[in-house]
Amino acid sequence: MGRKELEALQLERMKHIFQYCYDNVPFYHKRMDEAGFDPAKIRVLSDIEYMPYTTKEDIRDNYPTGLFAVPMKDIVRIHASSGTTGKPTVVGYTRNDLNNWSDCVARLVVAAGATSEDIVQISFGYGLFTGALGLHYGLEKIGATVIPISSGNTEKQVMMLNDLGVTALVSTPSYALYMSEVAREKGVLDSLKLRLGLFGSEGCTPEMRDQIEKGFHVFATDNYGMSELCGPGVSGECELRCGMHINEDHFYPELINPTTLQKVGPGEVGELVVTTLTKEGIPMLRYRTKDLTTIDYEPCKCGRTFARMAKPMGRSDDMLKIRGVNVFPTQIESVLMTEPHVGGHYQLIVRREGYFDTLEVKVELVDGSLLENYGQLESLQRKVAADLKSVLGIQAKVTLCEPKSIERFQGKAKRIVDLRNEK
C-alpha cells in the first residue's frame, strides 16, 4: 500500500476510533471535553496533536476496567502486566481484537522468515503476560507447529529443542543465551535444527544478537509490542533487519521529545507514542510508550511500505542519570558484547556515595581461569572500564565475576539494581 493510500486509511480509522472512545469511554469523553477536542472535527492526521496523551498512570488510575470501551460480556480475554511497580495494567480483548492481533503477529513472523513448515517452541511464560499467547496464535495462523512449553526447566527446554527437531524459538534474548549455554553443556548444540529466533519482551542490542546467533547458530530477529497496545504485533523485523516494520493500519505512531512533549523532526530520536486504530476492548489514544526510537518512512528493500522503527535504544524511565550524565543500559551492553573475554550476562548496580551516584558493572568472564592470573585480570578490567568511559563519558567500576555467578532469567532480565535509596 502506498503512503497516500495508507494515510487515507489511517485518517478514516482515526476519525472512527476517536468518536468511538468519546462515545464509549467516560475517561476519554471527559478528557476530550476538557481539552476542547471535538472528534467530529478531525480533518487531517495532524489534528491528533490537539489530543492529550494517555499514560500508564491513567490506566492504573482507572484500574481495573475503567478504560474498557465495551461491557464485560463482549470481552473474551483478559491480560495484565506484572504490576511489580504498583497496580497491574489490565487489558481486555474482544473477539475481533484477537483476530486482528493474530493477523498482526502472523505478518511479522512471516516477514522474519517463519513458514508453515516450522516447528516453533514458545519459551515465554504463559499466563497474564501477552507474549506467549500473542506469538502462539499468530504462528498457528500461518500453519506452523507450536510447542507451548512456557518458561522454566531449562534442561527440558533443551531436550525438547533437540528431540522434536524445533526450527524456531520464541523467547527473551537473555533466556536464549542461557539456553544455548545449557545446550552446549549437554552436548546437543550441534545436533539442533534451530534456524530462526523470534525474540522480544526485552531490548536486544546488535551485539547481544550476534552472541545469540553464534551460540545457537540461528538467524535472530526482534519484534516489539506491549500489553497496553495489544502485546507483540506492533512491529517486527523482516529478513533484511533494517528496522522493525510497524503495522500502521492498526497502530498510528508519533515521536515526541519526552521532556517538552513536542513532536521531533525527521530522523531525530524521540519517545514513541501510539494510537490504536482498530482496538475495541481497550483502545489507546496517543499512548506514551516511554520507548526511545527513530522512524523511517521510506519503503523497505524487502518491498514492504510500512514505516520502520529502529530497535528501541532505551526507555525514558529506564535511563540512569549518573553524575549528570544520561546512561542507558543498552549502551553498556553494546560495549560488553564486543569484548570476547566477557560473557553475555551482566548486572548494573547504582549506589549513592556521599553526594554522588556511582555505577558498578558486574560481568561474567568467559574463562574462569583468568581469575587466577591477576595481571591479565587487571588488564582486562582496565580495558573494559576504558571502553565504557569512552562511550558513557563517566567512570564506572568494573567487577569481573566467575562464569555462571550472575543470576539467569527465564523471562525478562532484571539488569539494574538501584541501591540509591538504601541506607
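Whatever comes next refers back to the structure up there.
The structure reproduced in this document is the subject of the present report. Keep in mind the model is a prediction, meaning the values are calculated, not measured.

## Some words on unusual backbone geometry
Omega for the peptide link from Tyr63 to Pro64 comes to -5°, which places this bond in the cis form. Along the chain, Pro64 falls in the loop between α3 (56–61) and β1 (77–80). Not every positive phi belongs to a glycine, and Leu261 is a case in point at roughly 65°. Among the secondary structure elements, Leu261 is positioned in the loop between β10 (251–256) and β11 (270–276).

## Description of the pairing of strand β12 (residues 287–293)
The element β12 is extensively covered by neighbouring structure, given that six of its seven residues are classed as buried. In this structure, β11 lies alongside β12, joined through four bridges in antiparallel fashion. From the neighbouring strand, Glu271 faces β12, where its bridge partner is Leu292.

## A closer look at helix α2 (residues 26–35)
Listed in full, the buried residues belonging to α2 are Phe27, Tyr28, Arg31 and Met32. The buried residues of α2 occupy an angular sector of 125° when the element is viewed end-on, so they sit on one face. Among the exposed residues of α2, those oriented more than 90 degrees off its buried face are Pro26, Lys30 and Glu34. The first or second residue beyond α2 is Gly36, which carries a positive phi of 65°.

## Considering the sheet that holds strand β5 (residues 168–171)
A sheet is described by the order of its strands in space; here nine strands give the open sequence β4-β3-β5-β6-β7-β8-β9-β14-β13, paired in mixed fashion. Across the chains shown, the open sheet's two edge strands, defined by having one partner strand only, are β4 (145–147) and β13 (295–296). In terms of strand pairing, β5 meets strand β6 (residues 196–199) through four bridges, oriented parallel. When the sheet's bridge partners are listed, Ser171 is paired in β6 with Phe199. Strands in contact with helix α7 (residues 173–185) are β3 (119–122), β5 and β6; relative to β5, the strand with the most contacts, it is inclined by about 125°. In this fold helix α8 (residues 206–216) packs onto β5, β6, β7 (219–226) and β8 (231–237), with an angle of close to 130° to the strand it touches most, β7.

## As for the pattern of salt bridges
Pairs may arise between side chains of opposite charge once their charged atoms sit close together. For the structure shown, the criterion picks out 25 salt bridges. Across the salt bridge formed by Arg3 and Glu248, the nearest N and O atoms sit 2.8 Å from each other. On the criterion of sequence distance, the pair formed by Arg3 in helix α1 (residues 3–24) and Glu248 in the loop between β9 (244–246) and β10 is long-range, its members being 245 residues apart. For Glu248, a relative accessible area of 1% translates into the label buried. The closest approach of N and O atoms between Asp118 and Arg195, which form a salt bridge, is 2.6 Å.

## Overview of the environment of Leu261
With relative accessibility at 30%, the residue Leu261 sits in the partly exposed group. On a C-alpha basis, the gap between Leu261 and Gly225 in space is 22 Å, while along the polypeptide they are 36 residues apart. In this view, Leu261 contacts Tyr53, Ile256 and Arg288; residues no more than four positions away in its chain are not counted.

Cut-offs and rules
- Residues numbered from 1 in each chain as written.
- Predicted model: local features only at pLDDT ≥ 70, side-chain atom pairs only at ≥ 80, totals over all residues.
- Heavy atoms only, no water.
- Helix = DSSP H or I, 4+ residues; strand = E, 2+ residues; numbered from the N terminus.
- Buried < 20%, exposed > 50% of the residue type's maximum accessible area, 1.4 Å probe, protein only.
- Pairing = 2+ DSSP bridges.
- Arc of directions from axis to C-beta.
- Contact = heavy atoms within 4.5 Å.
- Axes fitted to C-alpha atoms, helices over the stretch in contact; angles between N-to-C directions.
- Salt bridge = Lys/Arg side-chain N within 4 Å of Asp/Glu carboxyl O.

By themselves, these figures tell us nothing about what the structure is for.
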